[in-house]
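Summary of structural features
Residue strings, one per chain:
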Amino acid sequence: MELVTYPDSEMMMIEVAQRLAGELRQRLSQGEEASIAVSGGRTPGPIFDALSAADLDWDRVSVLLTDERWVPEDSPRSNTRLVRERLLTGRAAAARFLPMYCDAPSPEEGIPRLVPAIAEVLPLTTCLLGMGEDMHTASIFPGADNLAEALTGETILVPIRAPAAPEPRLTLSAAVLAGALARHLVITGPEKREALERARSLPPRRPPSRPS
Ligand SMILES: O=C1O[C@H](COP(=O)(O)O)[C@@H](O)[C@H](O)[C@H]1O
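Reading the values: the criteria
- Residues numbered from 1 in each chain as written.
- Predicted model: local features only at pLDDT ≥ 70, side-chain atom pairs only at ≥ 80, totals over all residues.
- UniProt positions renumbered as here; feature names shortened; annotations may be inferred.
- Pairing = 2+ DSSP bridges.
- Helix = DSSP H or I, 4+ residues; strand = E, 2+ residues; numbered from the N terminus.
- Axes fitted to C-alpha atoms, helices over the stretch in contact; angles between N-to-C directions.
- Contact = placed C-beta atoms within 7 Å.
- Near = placed C-beta within 6 Å.
- Nonpolar A, V, L, I, M, F, W, Y, C, P; charged D, E, K, R; others polar.
- Buried ≥ 20, exposed ≤ 12 C-beta atoms within 10 Å, placed from the backbone.

As annotated in an unreviewed UniProt entry, the protein chain carries the name 6-phosphogluconolactonase and is attributed to Rubellimicrobium thermophilum DSM 16684. Per its UniProt entry, the protein chain bears the Catalytic activity (unreviewed entry) comment "6-phospho-D-glucono-1,5-lactone + H2O = 6-phospho-D-gluconate + H(+)". Regarding the protein chain, the UniProt comment filed under Pathway (unreviewed entry) reads as follows: "Carbohydrate degradation; pentose phosphate pathway; D-ribulose 5-phosphate from D-glucose 6-phosphate (oxidative stage): step 2/3."

Within a beta sheet, neighbouring strands are joined by backbone hydrogen bonds and run either parallel or antiparallel to one another. Spatially, the five strands line up as an open sheet ordered 4-2-1-5-8, and their pairing is parallel. Only two strands of the sheet have a single neighbouring strand rather than two, namely strand 4 (96–98) and strand 8 (183–185). With direction set aside, neighbouring strand axes in the sheet form an average angle of 15°. Pairing analysis gives five bridges linking strand 1 (residues 34–38) to strand 2 (residues 61–65), with the strands arranged parallel. Within the sheet, the bridge partner assigned to S35 lies in strand 2 and is S62.

Quick look at the environment of A174 now. Inspection of the secondary structure puts A174 in helix 6 (residues 174–179). As for A174 and P163, which are separated by 11 residues in sequence, their C-alpha atoms are 20 Å apart.

What follows covers the sheet that holds strand 7 (residues 169–172). Pairing in this open sheet of three strands is antiparallel, and the strands run 3-7-6 from one edge to the other. Pairing within the sheet leaves two strands with one partner each, and these edge strands are strand 3 (67–69) and strand 6 (157–160). Across the sheet, the mean angle separating the axes of adjacent strands is 20° when strand polarity is ignored. With four bridges joining them, strand 6 and strand 7 adopt antiparallel strand pairing. Considered in strand 7, the bridge of I160 is made with R169. Contacting strand 6 and strand 7, helix 4 (residues 107–120) runs over the sheet at an angle of about 155° to strand 6.

Here we come to the site of the ligand. Within the structure, the ligand sits among 13 residues, and S39, G41, R42, T43 and G130 are positioned closest to it. Among the residues forming the shell around the ligand, the class breakdown is two nonpolar, nine polar and two charged.

Turning to the environment of R200, a few remarks are in order. For R200, the location among the structural elements is in helix 7 (residues 190–201). Note on R200: 11 C-beta atoms within 10 Å, which makes it exposed. Taking the C-alpha atoms as reference, R200 lies 9.8 Å from M135; in sequence the two are 65 residues apart.

Our next topic: unusual backbone geometry. For the peptide bond that leads from L122 to P123, omega is 0°, which places it in the cis range. By secondary structure assignment, the location of P123 is in the loop between helix 4 and strand 5 (126–129). The residue M135 is not glycine, and still its phi comes out positive at about 80°. With respect to the helices and strands, M135 occurs in the loop between strand 5 and helix 5 (147–152). One non-glycine residue with positive phi stands out, namely A138, at about 50°. If you trace the backbone, A138 turns up in the loop between strand 5 and helix 5. Judged by the 27 C-beta atoms lying within 10 Å of it, A138 falls in the buried class.

So, in structure tokens, the structure goes:
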């Protein structure tokens, strides 16, 4: 893992957006389609603002989330809502969005409806991850009910309930995230830096195999 630090977060957000756009552009120059999974939460908004203006063939790009809270799209907690408002706009409005929420009563019941479209765009061209101060990334939370499956299982989407998460969630598994051709974890502030160091000091798990 290459650790890059920036003097200010504005510069970081712009540079990360440029790197993501470059990875998508390179992939599109080699093939028909590209895919990007992005985190939700409070951090990535400025990256989305910059990325949405990138000059690339967005109509050949699939956009999905790394994880979603099981709330309808009009909820302020919806990661989908953030992506629609800040990323799928401007030039990027031409991209294809693959949902990670549907009107099923639970994530478990939604999975069969959501997985087929996601399976089609794997491996991901690139992936933008965030991290919480409790070390969760995507919605892979310490203490989550399905933590082992999320970390070492071979499924694509994993339902998650965790003490620190107010609602049920769906997350891409570590296998899908690890299978991305490029991965970026973006954090800001000393608390998340400390969380990152804690996470890096943990013993490694069995590396996930790529889902079929
Ligand atoms: O709940 C979530 O949290 C993480 C971190 O979010 P942030 O608000 O601290 O930036 C995010 O990466 C994840 O996608 C989201 O669902």
